[in-house]
Amino acid sequence: MPELPEVEALAGYLRQRAVGRRVDRLEVAAISALKTYDPAPTAVAGRTVTDARRHGKFLDVVFDGDLHLVVHLARAGWLHYREAFASTVPLRPGKGPIALRVRLDDGSGFDLTEAGTQKKLAVYLVTDPQTVPGVAKLGPDALAADLAAFAGALRSRRGQVKGVLTDQAVLAGVGNAYSDEILHAAKLSPFALTDRLTDDQMATLHAATRRVLGDAVTRSLGQRAAELKGEKRSGLKVHARTGLPCPVCGDTVREVSFADSSLQYCPTCQTGGKPLADRRLSKLVR
Ligand SMILES: [Zn+2]
């Protein structure tokens, strides 16, 4: 699932490659992905791309005349930049992976795609990004928030730090993968309670958040948009590395499973060497 660093890199790539280009056509193949109907997709034709921004995990492609294509890539969505398209025939509504295509006046453009059968990719064509419900509720940006804003946001929600960090209304941009990485870097248990964190722990968590996300943005930038996706895995220390050695201490990375997700952590680095009980079991024990 693309998180802040990947979306930031996509926005950076679009700023480099697409800003200044005029749109020939916006084609919608997955009708269900487009969540708005006014303005119509045809309103984009003839407009120039003026900027590409990020709001949390949302990508915002800006056209002149204040029109915004706001995209939430969800779990399996991605943006592929094409230097050229094989065909000029407009996309037809169908079941393929391409949800939406933007053709630019130099023959290049981009496809929004979504793999798998669970279609959650969401696209909004709006004159104000704040009218997108998911954007309007975002908390402070995880990369931009200073310590006071960060601590204020996290302490506003009592709960396990893993869940609070990934709540977009609390802090915008962090998802399942980078929260594992941030908590590992901060040497905090994913189940630590936000209202029990000391000021020192909060400062460490804030610094770890900035460092992990900043490093990931740096790694991702400069990659071509089409290649960005694979990059996330290469920089990770615990996420999706169950059973492998922790690169910091050599202990074995462990996992806690939930109904539709899992988290990974290092016991030596994060929980005083004690493996965490499976959440379903620990509920019974508590
Ligand atoms: Zn470790």
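A short tour of the structure in this document, coming up. This one's a predicted model, so the numbers in the text were calculated from it and none came from an experiment. (Residues numbered from 1 in each chain as written. Predicted model: local features only at pLDDT ≥ 70, side-chain atom pairs only at ≥ 80, totals over all residues. Heavy atoms only, no water.)

### Looking at the packing of aromatic side chains
Our working definition: Geometry of aromatic contacts follows a simple scheme: Phe, Tyr and Trp rings, the Trp one being its six-membered ring, pair when their centres are within 6.5 Å, and the pair is stacked under 30 degrees between planes, edge-to-face over 60, tilted otherwise. The secondary structure listing takes helices from DSSP runs of H or I that are at least 4 residues long and strands from runs of E that are at least 2 residues long, numbered from the N terminus. Working definition: with a 1.4 Å probe on protein chains only, accessible area under 20% of the residue-type maximum means buried, over 50% means exposed, and in between means partly exposed. Both a distance and an angle decide whether a charge sits over a ring: NZ of Lys or CZ of Arg must be within 6 Å of the ring centre and within 35 degrees of the ring normal.
Overall, the coordinates contain 1 aromatic pair when judged by the stated rule. Plain terms: the ring middles of Tyr13 and Tyr81 are 5.6 Å apart, the flat faces sit at 65 degrees to each other, and that makes the pair edge-to-face. With Tyr13 in helix α1 (residues 4-17) and Tyr81 in strand β5 (residues 77-82), this pair connects stretches of sequence that are 68 residues apart. A single burial state applies to Tyr13 and to Tyr81, both of which are buried. The ring of Phe85 has Arg103 lying over it, and the distance from NZ or CZ to the ring centre is 5.1 Å.

### Structural notes on the coordination of the zinc ion
Counted only if it meets this: With water omitted from the atoms examined, metal sites may look incomplete; donors here are N, O and S atoms no farther than 2.8 Å from the metal, or 3.2 Å in the case of Na, K and Ca. For a four-donor site, all angles between 85 and 135 degrees give tetrahedral; for four or six donors, opposite pairs above 155 degrees with the remaining angles between 65 and 115 give square planar or octahedral; all remaining cases count as irregular.
Protein-derived ligands of the zinc ion are Cys246 (SG), Cys249 (SG), Cys266 (SG) and Cys269 (SG), with the metal-ligand distances lying across 2.3 Å. If you look at the zinc ion, its 4 donor atoms make angles of 96 to 114 degrees with each other, and the shape they trace is tetrahedral.

### So, the environment of Phe191
The criterion, for reference: Residues are treated as being in contact if the distance between any of their heavy atoms lies within 4.5 Å.
Structurally, Phe191 is set in the loop between α5 (176-185) and α6 (199-220). The exposure class of Phe191 is buried, given its relative accessible area of 17%. Residues Phe191 and Gln160, 31 residues apart in the sequence, show an inter-C-alpha distance of 4.7 Å. Ignoring sequence-local partners within four residues, the contact set of Phe191 consists of Gln160, Val256, Phe258, Leu263, Leu276 and Ala277.

### Observations concerning unusual backbone geometry
The omega torsion of the bond from Asp38 to Pro39 falls at 5 degrees, within 30 degrees of zero and hence cis. On the secondary structure map, Pro39 appears in the loop between β1 (23-28) and β2 (49-55). Even without being a glycine, Ala240 presents a positive backbone phi close to 60 degrees. Mapped onto the elements of the fold, Ala240 is located in the loop between α7 (228-234) and β9 (254-257).

### Remarks on the sheet that holds β2
Two pairing modes exist for strands in a sheet, parallel and antiparallel, and in both the strands are linked by backbone hydrogen bonds. Keep this limit in mind: Note on pairing: two strands pair once DSSP finds at least 2 bridges between them. Axis definition: a line fitted to C-alpha atoms, limited for helices to the stretch in contact. Angles are taken between N-to-C directions and run from 0 to 180 degrees.
What the 4 strands build is an open sheet, ordered β2-β3-β4-β8; its pairing is antiparallel. Single-partner strands in this sheet number two, and they are β2 and β8 (122-126). Sheet twist, expressed as the mean angle between neighbouring strand axes with direction ignored, is 15 degrees. Bridging between strand β3 (residues 58-63) and strand β4 (residues 67-72) involves 6 bridges; their strand directions are antiparallel. From the neighbouring strand, Phe58 faces β4, where its bridge partner is His72. Docked against the sheet, α1 engages β2 and β3, running at close to 170 degrees with respect to β2.

### Considering the pattern of salt bridges
Note the following rule: Whenever Lys or Arg places a side-chain nitrogen within 4 Å of a carboxyl oxygen from Asp or Glu, that contact is recorded as a salt bridge.
On inspection of all chains with the given rule, the structure shows 16 salt bridges. Of the charged contacts, one joins Glu27 and Arg103 as a salt bridge, the two residues approaching to 2.6 Å between their closest N and O atoms. Note that Glu27 is positioned in strand β1 and Arg103 in strand β6 (residues 98-104), a separation of 76 residues in sequence. Across the pair, Arg103 and Glu27 agree in class, each one buried. A salt bridge links Asp167 to Arg157; the shortest N-O distance between them is 2.5 Å. Taken together, the positions of Asp167 in the loop between α4 (161-165) and α5 and Arg157 in the loop between α3 (147-155) and α4 put the pair 10 residues apart, joining distant regions of the chain. Residue class for Asp167 comes out partly exposed when judged on its relative accessible area of 22%. With a relative accessible area of 34%, Arg157 lands in the partly exposed category. Ionic contacts of the salt-bridge type, sharing partners, join the residues Arg17, Arg21, Glu83, Asp105 and Asp106 into one network.

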